[in-house]
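Observations on the model geometry
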Amino acid sequence: MSVEVEPRPARSSVPIESEKRMMVAAGRTSVELGARIASRLGVGLTDAGLRTFSDGEVYCRYAESIRGADIFIVQSTCTNERAGLTVNDALMELAVMVEAAIGASAHRVIAVAPFYGYSRQDKKSAPREPVTARLVAKMLEVAGIDRLLTMDLHAGQIQGFFSKPVDHMTAMPILTQFVRDSLVDDVSNLVIVAPDAGRVKLTRKFAQKIGAPYALLEKERPAQQVAEIGYVIGDVRDKVAVIVDDIINTGGTLAAAAQTVIDEGASRVYAVATHGLFSGDAFQTLAQSPLSGIVVTDTVPPRDGAPDLIRVLTCADMLTDSIRRIFTDDSVSEIFAGENQLF
Ligand code: R5P
């Protein structure tokens, strides 16, 4: 006698027990930041076996299997003098790490680039110029990223260069809290200052968070990497001014902005920014400026030889929180009450 077996309906998915795995690796530009993030997540930093050959080519081979893991690759695309890497080395290294992770069958590959190099080349400002921020997006997507986690893009619209999701964080909560709690005793005498028209939205939000008025500076760039401030819109007289910017590069913008607000009668002037590149003679320029203090975050590895007036706050907690939420498919914008989409 045969046993009748009912035909089984075809199933579109098969329930299989599995555990999601998270891994964190860091490129050589962001080893310290990557280690801070990994330790907060309670995971070890995965050894990516990075080397530069004598001809300058970069090599990566993960020391352990990453098959099926969500791998977060931390690498700001900026220069790291101590590691002997230029912004272009950092970018290529990130792409190579992504390529290796894809080839090694990672489940998801997430580039964590808190500083997005070339972000200021986000449009054509003159005929025959490249839109290099778009090229970088294409490079990362061709390498194979599933998403990008970044911070305070020079222009939020850069997200539009990606077809993959971009999680755009902001260091504003870190910086506003520092200004409120540690920079000044009394916020009633503060004025928050935008160094150029591009920062007006950020500055207005920053000022609202602190409960202070804001002022704007009219900046011109007569040549590349030269900043000239025309005039101040708003009242800075007898106030403590805090200039808010996204990037400090040569320090020219801040030095000129600080001098302008002092000339207009501010009693003291400070600056806060997310990304402190401090290239070229920036330290000297800023040390000679009227600035009493500068606060940046560690999206960019601090250069050696910084004058005492520069203070670096870590953004590792914020990035860790974001990474945890990306891994568990939870809301990232909740961290900022949705206000990370403002810039
Ligand atoms: C420009 O629009 C940016 O927001 C910064 O103000 C600029 O990148 C700072 O550059 P630098 O320090 O060389 O003046």
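What you see is a predicted model; the values in this text were computed from it and never measured. (Residues numbered from 1 in each chain as written. Predicted model: local features only at pLDDT ≥ 70, side-chain atom pairs only at ≥ 80, totals over all residues. Heavy atoms only, no water.)

Let's talk about the overall build of the chain
Counting its secondary structure elements, the chain contains 8 helices and 15 strands. A total of 343 residues make up the chain; the buried ones form 50% of that total. Counting every atom, the chain has about 16700 Å² of accessible surface; 48% of that belongs to carbon and sulfur. Both charge centroids of the chain, one from 35 positive and one from 43 negative side chains, sit 3 Å from each other. (Helix = DSSP H or I, 4+ residues; strand = E, 2+ residues; numbered from the N terminus. Buried < 20%, exposed > 50% of the residue type's maximum accessible area, 1.4 Å probe, protein only. Areas by Shrake-Rupley, 256 points an atom, 1.4 Å probe, with all protein chains shown as cover. Lys, Arg positive; Asp, Glu negative; His and termini not counted. Charge placed at Lys NZ, Arg CZ, Asp CG, Glu CD.)

Here we look at the site of the ligand
In the neighbourhood of the ligand, 15 residues make up the surrounding shell, with Asp-245, Asp-246, Asn-249, Thr-250 and Thr-253 lying closest. Asp-245 has a polar side-chain atom sitting 2.6 Å from an oxygen atom of the ligand. Between the ligand and Asp-246, the relevant distance is 2.5 Å, taken from an oxygen atom to a side-chain nitrogen or oxygen of the residue. Relative to its free-state accessible area of 370 Å², the ligand is covered by the protein chains to the extent of 92%. Those elements giving two or more residues to the shell around the ligand turn out to be strand E12 (240-248) and helix H6 (252-263). Looking at which element gives the most residues to the shell around the ligand, the answer is E12, with 4 residues. (Near = heavy atom within 4 Å. Polar contact = N/O pair within 3.5 Å; in protein donor to acceptor, adjacent residues only side chain to side chain.)

Some details on the sheet that holds strand E8 (residues 166-169)
Pairing in this open sheet of 6 strands is parallel, and the strands run E2-E1-E5-E6-E7-E8 from one edge to the other. Only two strands of the sheet have a single neighbouring strand rather than two, namely strand E2 (45-46) and E8. Of the strands in this sheet, strand E1 (21-26), E2 and strand E5 (69-74) touch helix H1 (residues 31-41), which is tilted by about 160° from E1. Across the sheet, helix H8 (residues 316-327) lies against E1, E5, strand E6 (108-113), strand E7 (147-151) and E8, angled at about 160° from E7, the strand it touches most. (Pairing = 2+ DSSP bridges. Contact = heavy atoms within 4.5 Å. Axes fitted to C-alpha atoms, helices over the stretch in contact; angles between N-to-C directions.)

Examining the sheet that holds E12
Read across the open sheet, the 7 strands follow the order E11-E10-E9-E12-E13-E14-E15; overall the sheet is mixed. Two strands in the sheet have a free side with no partner beyond their single neighbour: strand E11 (228-233) and strand E15 (310-313). Taken over all neighbouring pairs, the strand axes of this sheet differ in orientation by 25° on average, direction set aside. Where strand E9 (residues 190-194) lies against E12, 4 bridges are found, and the strand directions are parallel. Within E12, the residue paired with Leu-190 across the bridge is Val-240. Taken strand by strand, helix H5 (residues 200-210) contacts E9, strand E10 (214-220), E12 and strand E13 (268-276), and its axis lies near 165° from that of E9. Relative to E12, H6 is tilted by about 165°, and along the sheet it contacts E9, E10, E11, E12 and E13.

A short note on the packing of helix H4 (residues 172-183) against H5
In contact at an axis separation of 10 Å, H4 and H5 are set at 50° when each is read in the N-to-C sense. Compared by their axis directions, H4 and H5 come out oblique. Both H4 and H5 take part in a crossing whose hand is right-handed. Residues Met-172, Leu-175, Thr-176, Val-179 and Arg-180 of H4 touch H5, and the partners they reach there are Leu-202, Lys-205, Phe-206, Lys-209 and Ile-210. In terms of residue class, the contact of H4 with H5 is built from 6 nonpolar, 1 polar and 3 charged. (Parallel < 35°, antiparallel > 145°, perpendicular 65-115°, else oblique. Left-handed = near helix turned anticlockwise from the far one by under 90°. Nonpolar A, V, L, I, M, F, W, Y, C, P; charged D, E, K, R; others polar.)

Structural notes on H8
If you check H8, its first and last C-alpha atoms are 16 Å apart, about what 12 residues at 1.5 Å a residue would give, namely 16 Å. Residues Ala-316, Met-318, Leu-319, Thr-320, Ser-322, Ile-323, Ile-326 and Phe-327 constitute the buried set of H8. The first or second residue beyond H8 is Asp-329, which carries a positive phi of 60°. (Expected span 1.5 Å × (residues − 1).)

A few points about H6
Turn by turn, an α-helix covers 3.6 residues, leaving residues three or four places apart pointing in a common direction. The end-to-end C-alpha distance of H6 is 16 Å, a good match for the 16 Å that 12 residues give at a rise of 1.5 Å each. When we look at burial in H6, the residues that qualify are Thr-253, Leu-254, Ala-255, Ala-256, Ala-257, Ala-258, Thr-260 and Val-261. Close packing links the buried residues of H6 with E9, E10, E11, E12, E13 and helix H7 (282-287). Where H6 ends, the next residue or the one after it, Gly-265, has phi of about 105°, a positive value.

What about the domain arrangement of the chain?
Once the domains are mapped, the chain shows domain 1 (22-170 + 317-341) and domain 2 (172-313). Measuring from the centre of the C-alpha atoms in domain 1 to the corresponding centre in domain 2 gives 27 Å. Between domain 1 and domain 2, the contact holds 20 residues from the first and 19 residues from the second. Summed over both partners, the interface of domain 1 with domain 2 comes to about 1700 Å²; 51% of that surface belongs to carbon and sulfur atoms. Seen at the junction of domain 1 and domain 2, the total is 3 salt bridges. Between Arg-303 and Glu-81 there is a salt bridge whose closest N-O contact spans 3.3 Å. The interface formed by domain 1 and domain 2 holds 11 residue pairs in polar contact (both at pLDDT 80 or more) in total. (Domains from an automatic or database assignment. Buried area = accessible area lost by both parts, 1.4 Å probe. Salt bridge = Lys/Arg side-chain N within 4 Å of Asp/Glu carboxyl O.)

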